[in-house]
Structure formats: structure tokens, C-alpha cells
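Take a look at the letters that make up each chain.
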Amino acid sequence: MTLPNGTSYVVSEFEAIDGILNPNFGAINAVDNSGKSIYHALLLSWRYTGSQFTGGLAYTISKTIDQGTGYFNQFDQRNERGPSQLDQPQRFVLNGAWSPTWHPLKNFTFASVVTLASGRPYTAVFDTSSLNFSVVPNEPFNGFRGPGQEVIDFSMARLFRLNERIRLKVVAEAFDLFNHPNFQQNNINNVQYTTTQAMDSGGNGLPFWTAIANPSFGAPGAMAPRIGSRSFQFSGRISF
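Not measured: the values here are computed from a predicted model. (Residues numbered from 1 in each chain as written. Predicted model: local features only at pLDDT ≥ 70, side-chain atom pairs only at ≥ 80, totals over all residues. Heavy atoms only, no water.)

Looking at the environment of Ala-174
At step 1: With respect to the helices and strands, Ala-174 occurs in strand E10 (residues 167–175).
At step 2: In this structure the C-alpha to C-alpha distance between Ala-174 and Phe-232, which are 58 residues apart in sequence, comes to 4.6 Å.
At step 3: In this structure, Ala-174 is in contact with Ile-152, Asp-153, Phe-154, Ser-231 and Phe-232, ignoring residues within four places of it in sequence. (Helix = DSSP H or I, 4+ residues; strand = E, 2+ residues; numbered from the N terminus. Contact = heavy atoms within 4.5 Å.)

Concerning the pairing of strand E5 (residues 108–117)
For a regular strand, the rule is simple: side chains alternate between the two faces of the sheet.
At step 1: Both strand E4 (residues 90–98) and E5 contribute to a ladder of eight bridges, which runs antiparallel. The residue bridging Gly-96 from the neighbouring strand is Ser-112, located in E5.
At step 2: By the bridge criterion, 10 bridges tie E5 to strand E9 (residues 149–161) in an arrangement that is antiparallel. Bridged to Leu-116 within E9 is Glu-150. (Pairing = 2+ DSSP bridges.)

Digging into the side chain of Asn-182
At step 1: Summarising the element assignment, Asn-182 is placed in the loop between E10 and strand E11 (191–199).
At step 2: A distance of 2.9 Å separates a polar atom in the side chain of Asn-182 from the backbone nitrogen of Glu-150.
At step 3: The contact partners of Asn-182, leaving out residues within four places of it in the chain, are Gly-148, Gln-149, Glu-150, Val-151, Asp-176, Met-223, Ala-224, Ile-227 and Gly-228. (Polar contact = N/O pair within 3.5 Å; in protein donor to acceptor, adjacent residues only side chain to side chain.)

Brief notes about the nonpolar core
At step 1: Core analysis: the biggest nonpolar cluster contains seven residues, these being Ala-124, Phe-126, Leu-131, Val-136, Tyr-193, Trp-209 and Ala-211.
At step 2: When residues no more than four places from it in sequence are discounted, the contact partners of Val-136 are Ala-124, Val-125, Phe-126, Gln-192 and Tyr-193. (Core = buried A, V, L, I, M, F, W, Y, C linked by side-chain atoms within 4.5 Å. Buried < 20%, exposed > 50% of the residue type's maximum accessible area, 1.4 Å probe, protein only.)

Concerning a nonpolar patch on the surface
At step 1: Taken together, the side chains of Trp-46, Tyr-48, Phe-53, Leu-57, Leu-94 and Trp-98 define a hydrophobic patch exposed on the protein surface, amounting to about 550 Å² of accessible area.
At step 2: Counting only elements with at least two residues in the nonpolar patch, the list comes to strand E1 (36–49), strand E2 (53–67) and E4.
At step 3: Relative to the helices and strands, Trp-46 resides in strand E1.
At step 4: Judged by relative accessible area, which is 45%, Trp-46 ranks as partly exposed. (Patch = residues over 30% accessible without salt bridge, like charges linked within 9 Å, V, L, I, M, F, W, Y side chains within 5 Å. Areas by Shrake-Rupley, 256 points an atom, 1.4 Å probe, with all protein chains shown as cover. Salt bridge = Lys/Arg side-chain N within 4 Å of Asp/Glu carboxyl O.)

Section: the sheet that holds strand E7 (residues 125–126)
At step 1: Strand order in the open sheet formed by three strands is E7-E11-E12, and the pairing between neighbours is mixed. The strands lining the two open edges of the sheet, one partner per strand, are E7 and strand E12 (205–213).
At step 2: Alignment of E11 against E12, held across six bridges, turns out to be antiparallel. What sits directly across from Gln-197, in E12, is Trp-209.

Things to note about the side chain of Ser-62
At step 1: Inspection of the secondary structure puts Ser-62 in strand E2.
At step 2: Separated by 3.2 Å, the side chain of Ser-62 and the backbone oxygen of Gln-88 make a polar contact.
At step 3: Among residues more than four places away in sequence, those in contact with Ser-62 are Tyr-39, His-40, Ala-41, Asp-87, Gln-88 and Pro-89.

Observations regarding the pattern of salt bridges
At step 1: Evaluated as defined, the whole model comprises two salt bridges.
At step 2: For the salt bridge of Asp-87 with Arg-145, the shortest nitrogen-to-oxygen distance reads 2.3 Å. One end of the pair, Asp-87, is in the loop between strand E3 (82–83) and E4; the other, Arg-145, is in strand E8 (residues 144–145), and 58 residues separate them in sequence.
At step 3: Its relative accessible area of 2% is what places Asp-87 among the buried residues.
At step 4: Of the residues examined, Arg-145 reaches a relative accessible area of 36% and is grouped as partly exposed.
At step 5: Across the pair Arg-226 and Asp-153 runs a salt bridge whose closest N-O atoms are separated by 3.8 Å. Note that Arg-226 is positioned in the loop between E12 and strand E13 (231–239) and Asp-153 in strand E9, a separation of 73 residues in sequence.

Below, the structure written as C-alpha cells:
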């Protein structure tokens, strides 16, 4: 096959490797324990509790490597070892709540949560599994990363004492307060090249392919639920 930069590769023919040897039998599914996973992480955390303020922060730096998730070519599992689909190298969470005792703001509670996180990895592929099991030559397994997350949530609550026994709490919440776009981590356009197979004069496919770079490669496909864009929620609770 030939890539847009003129480089030619000899790639595996999917049908020749993965074809049905005996047409009298269908596919046979097997489950084994050949998968391997390694996880390393450093977690730092801090918490504070005071008369008016409570809060904390947590920071995680980690790396997850595995072999056994998201196989493209089950006959070459060694080369499909790399960052796990769950790998998130950095994650930072800061939270705090303020319940002031100053009379004009007494019985109010203001709270916020800030979340910053790295994107998760994905593998560059062709638009057909008939070509090298869809894996792009010289591109590492899960060698690209999707967009990360930046979320700031904020809430304000007011407690009303209706009598000695009954209390009403009214809460207003804003999710993704600054409307930063956050996308689903597992919905990425990972087709790096679209391909065309050469044909002979009779319209039969030849073992030659031409690849064209996909301009939408790496584009996210959908917004994340709840935190994809700014949203508001209002609620009330009666205690007695």
C-alpha cells in the first residue's frame, strides 16, 4: 500500500490470515487469560475542616499499560501492548464548601468542585479491516490521545427553618459553569487514512491500496453527559 507521503508498505492480507479454513465450520469464540495489565500511580491528597470552610484536593499521576483490550490483530498480540484504553496520566480535583457565619449570609452554603483530567488514548486505523487488520503501519498501539476534561461546578444552598421541626433546603447548581466543551473519551474518529483498493480490468480487487489522510482524524464524536456543556439544576428538600 502507499501512504500520502509516498511511502510504500507491505501489509498483511486480512483474508489470507483470518479466513475460514473449512467452510463447514463457522466462527469459534474463545475466552482465555492471556491479557496483561500494569498500573503505577502516585496519589497526593489534602483535606481541611474548619468552622466555616471545608475542602480538599487530590492529584493523581499514573500510567496503565496492558495487553488484551482492544485487539485488532489477535495473531500479533505482542505489538498491541501499550497504554490502556483506561489510561489517564493526570487527574486533579479541588473541592471546597463555605458556610459563612456572617449574619446576612448565615444559613447559606457555597460550594465548588474543579476537575482537570488528561484525555484517554486511541489507536490510528484504516477505514477497512481488510488492510493490515485496519492498523496503520509504524503507528503505536493507543499512540494518540483524545481531549482532556476541564470542569468547574458550583452550587449555592439556603437552609430555611420553618419551625422547630421542619427545615427546607433549596439548592441551585451549575455544572460546567464556564461552558468549556468536554467530549466523550471513547467516541473519537480514529480513522487516520481512508483507502482505495486497485482493481483489474475485470473489476476484481488487486493486493494494492492507496491511502488518503482523513481530515477529521482525531475529531471528537459527542459531548460528555452532564459535563459536556453548561447546565443548571434546582432542587429542594424538606426535613422533619
